[in-house]
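# Fold and geometry: a report
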Amino acid sequence: MNSILKSISSGKEYPLNEVRFTSDNGELLDVVHDFDALKKGRNISREYFSTQRTQLNGQPSGGVWHFKDLVLPDIPEQDVISKQEGNTRLYRSKKISSFLGLSKEKFFLKHEGENPTGSFKDRGMTAAITQAKALGQKAVTCASTGNTSASLAAYASEAEMTGLVLIPKGNVAVGKISQALAYGTKTLVVNGDFDDCMRLIREAQEKLSAYPLNSINPFRLEGQKTIIWEILLQLNWQIPDWIVFPGGNLGNTSAFGKALHEAKELGWIDKMPRFAVIQAEGASPFYKAFKNNFAQLTPEKADTIATAIKIGDPVNYTKAVRALKWTNGIVESVTDEEILEAKAVVDAAGIGAEPASCATVAGIKKLMERGEIKSSESVVGILTGNILKDPQVIVDYHFNRKTVHANPPHDVEPNLESLKKYL
Ligand code: F0G
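Everything quoted here is computed from the prediction, not taken from an experiment.

### Structural notes on the layout of surface pockets
- The computed volume of the largest pocket comes to approximately 300 Å³.
- Those elements giving two or more residues to the lining of the largest pocket turn out to be β1 (3-7), β3 (29-33), α1 (35-41), α11 (251-265) and α13 (317-326).
- Residues of the lining of the largest pocket, tallied by class, amount to five nonpolar, three polar and seven charged.
- Of the voids in this model, the second largest pocket is the one considered here, and its volume is about 230 Å³.

### Describing the pairing of strand β14 (residues 330-334)
- With five of five residues buried, β14 lies mostly within the body of the structure.
- Covered by surrounding structure in β14 are I330, E332 and V334 together with V331 and S333, the residues of both alternating faces.

### Considerations on unusual backbone geometry
- Backbone geometry at E160 places phi at a positive 55°, although glycine is not the residue there.
- Structurally, E160 can be placed in the loop between α6 (147-159) and β9 (162-168).
- Relative accessible area serves as the criterion here: at 72%, E160 is assigned to the exposed category.
- For N293, which is not glycine, the phi dihedral falls at a positive 55°.
- Looking at the secondary structure, you find N293 in the loop between α12 (285-291) and α13.
- By relative accessible area, which is 69% here, N293 ends up exposed.

### Some words on the pattern of salt bridges
- For the structure on display, the rule yields 29 salt bridges.
- When the shortest N-O distance is used, the salt bridge between E18 and R20 registers 2.7 Å.
- What makes R20 buried here is its relative accessible area of 16%.
- In this structure, E158 and K83 form a salt bridge, with 3.8 Å as the shortest nitrogen-oxygen distance. Of this pair, E158 sits in helix α6 while K83 is found in the loop between α3 (63-66) and β6 (90-91), placing the two residues 75 residues apart along the sequence.
- For E158, a relative accessible area of 47% puts it in the partly exposed group.

### A look at helix α10 (residues 226-234)
- Where burial is concerned, most of α10 is hidden: seven out of the nine residues are buried.
- If you check which residues of α10 are buried, you get T226, I227, I228, W229, E230, I231 and L232.

### Considerations on the environment of R42
- Within the secondary structure, R42 is located in the loop between α1 and α2 (46-51).
- The partly exposed category is assigned to R42, whose relative accessible area is 27%.
- C-alpha of R42 to C-alpha of T162: the two residues are 120 residues apart in sequence and 35 Å apart in space.
- Setting aside its immediate chain neighbours within four residues, R42 contacts N2, D69, P73 and D74.
- Polar contacts involving the side chain of R42 include one to the side chain of D69, which spans 2.7 Å.
- A polar atom in the side chain of R42 sits 3.0 Å from the backbone oxygen of P73.

### Considering the packing of helix α14 (residues 336-348) against helix α15 (residues 355-369)
- At a minimum axis distance of 8 Å, the contact between α14 and α15 shows a crossing angle of 100°. Taken together, the axes of α14 and α15 are roughly perpendicular relative to one another. Residues E338, I339, A342, K343 and V346 of α14 form the contact with α15, whose own contacting residues are P355, C358, A359, V361, A362 and K366.
- Residues that form the contact of α14 with α15 fall into these classes: eight nonpolar, no polar and three charged.

### Remarks on helix α7 (residues 174-182)
- Where α7 is concerned, the buried positions are G175, K176, Q179 and A180. Mapping the buried residues of α7 onto a view down its axis gives an arc of 135°, with all of them on the same face. With respect to the buried face of α7, the exposed residues turned more than 90 degrees away are L181 and A182.
- On its buried side, α7 packs onto α6, β9, β10 (186-190) and α16 (391-400).
- Just beyond α7, the residue with positive phi is G184, at close to 90°.

Conventions used here
- What you see as residue numbers is a count from 1 along each chain, following the sequence as written.
- Local features in this predicted model are restricted to residues whose pLDDT is 70 or higher, and side-chain atom pairs enter the listing and the counts only when it is 80 or higher, whereas totals over whole chains, interfaces and linings include all residues.
- Side-chain descriptors were evaluated using all non-hydrogen atoms of the structure, hydrogens and water having been removed beforehand.
- Within this scheme a cavity is a closed region of a 1 Å grid, computed over the protein atoms alone, that accommodates a 1.4 Å probe without allowing it to escape, whereas a pocket is open but has protein on both sides within 12 Å along at least five of seven lines; lining residues each have an atom within 4 Å of a point.
- Grid points are joined across faces, edges and corners, and a volume is the space filled by probe spheres set on the points.
- By definition, any uninterrupted DSSP run of H or I lasting at least four residues is a helix, any uninterrupted run of E lasting at least two residues is a strand, and each is numbered from the N terminus.
- Classification convention: Asp, Glu, Lys, Arg as charged; Ala, Val, Leu, Ile, Met, Phe, Trp, Tyr, Cys, Pro as nonpolar; all other residues, Gly among them, as polar.
- The rule is simple: take the accessible area with a 1.4 Å probe, protein chains only, and divide by the maximum for that residue type; under 20% is buried, over 50% is exposed, in between is partly exposed.
- Here, a salt bridge means any side-chain nitrogen of Lys or Arg that lies within 4 Å of a carboxyl oxygen of Asp or Glu.
- We call two residues in contact when some of their heavy atoms are within 4.5 Å.
- Distance and chemistry together define a polar contact, namely a pair of N or O atoms within 3.5 Å, with one atom able to donate a hydrogen and the other to accept it when in protein, and with adjacent residues in sequence counting only for side-chain atoms on both sides.
- Axis lines are fitted to C-alpha atoms, over the contacting stretch for helices. Their N-to-C directions set the angle, which ranges from 0 to 180 degrees.
- Reported orientations rely on four angle classes, namely roughly parallel under 35 degrees, roughly antiparallel over 145, roughly perpendicular from 65 to 115, and oblique for the rest.
- The reported arc concerns the directions from the helix axis to the C-beta atoms and nothing else.

Structural data, given as structure tokens:
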């Protein structure tokens, strides 16, 4: 075995094939790979990953499985459950960079909404469900603000496992709930919020042995690490000054920190970019903890239009704090109005993303205005979910708003005369 589970503070180790999500004393677990052992049998150099076109089961591997030897090195290739996730675009946009006041040459948006089910969750899901299957699990579960449930549903179907998802009543965007239903997973609408769903999933894991695919599952984070490695490949190893992304349950924050920490350990990079994690003002426990020098996390009742990140008690808090320390990172919060304005710009640039993703762009704008991010610096923003996930927010915005970005439809009679005035 080239990997073990290790608790993040005490360092207690457990075998990888043990079904567990925390240490005996309740700490989060990392999947830790033995790089020295791996180096003996495999090529895990930067040059290798930069130049090789790797394959998985005879097909070009997606972005995640390109890095298989550093994600799940001991799993036989044929046991990987994959939909070629990753290999997402790194956009440049004149419109968005000028909205932000950044140079078009130095500003990039990595669009994770271009994954198989429309969000970054697929990167984590492929790794975690592969591990679940390898462990002989029959049923997989999650609490979700929507995207995890969509992803779990699609992968449970592919893996022929029973899927059970818990979503908070009235707080999941229509695109996401549609996916969970359509892909055929059992969908329980809980009369509570995401944090209630998450608590139930943790209890179900302990008392009903249901295998969770939330980001408390360390294998999820192994898949999500590859977002960062793929960015470094796409930038030809030019390390950006900043990487900016939204924070909810803080799985990405944790996974991205681990990706960079490992890249440094492997000698791929010699300096760290800085993280800026963006939260919605109404769901900002991590921001408040940051302001308080991480003295403590105070869970809160979350409320924001960006339902994907409507989370008041993030499970990955301790790992996320570690990631910020590694990257000299910061946390910012933005209002729903700022998210909607940024979203209108991202959408009108022909790229588009769901509200939570656009917290990234709203956050960059705020940090630019504050002088925290300088116009001379290079910035990679991550868009986490597809524009079609939450069509209701778009329709409400364009039908009802009177802002410069609002683009309402026009009713016309079926004749050329009525078209003329719009040309
Ligand atoms: N962006 C989108 C589109 C998300 O769906 C999520 C999380 C996040 C950002 C936040 O990422 O949790 O790693 O900090 N969605 C989860 C879900 C919670 O259930 O789909 P995080």
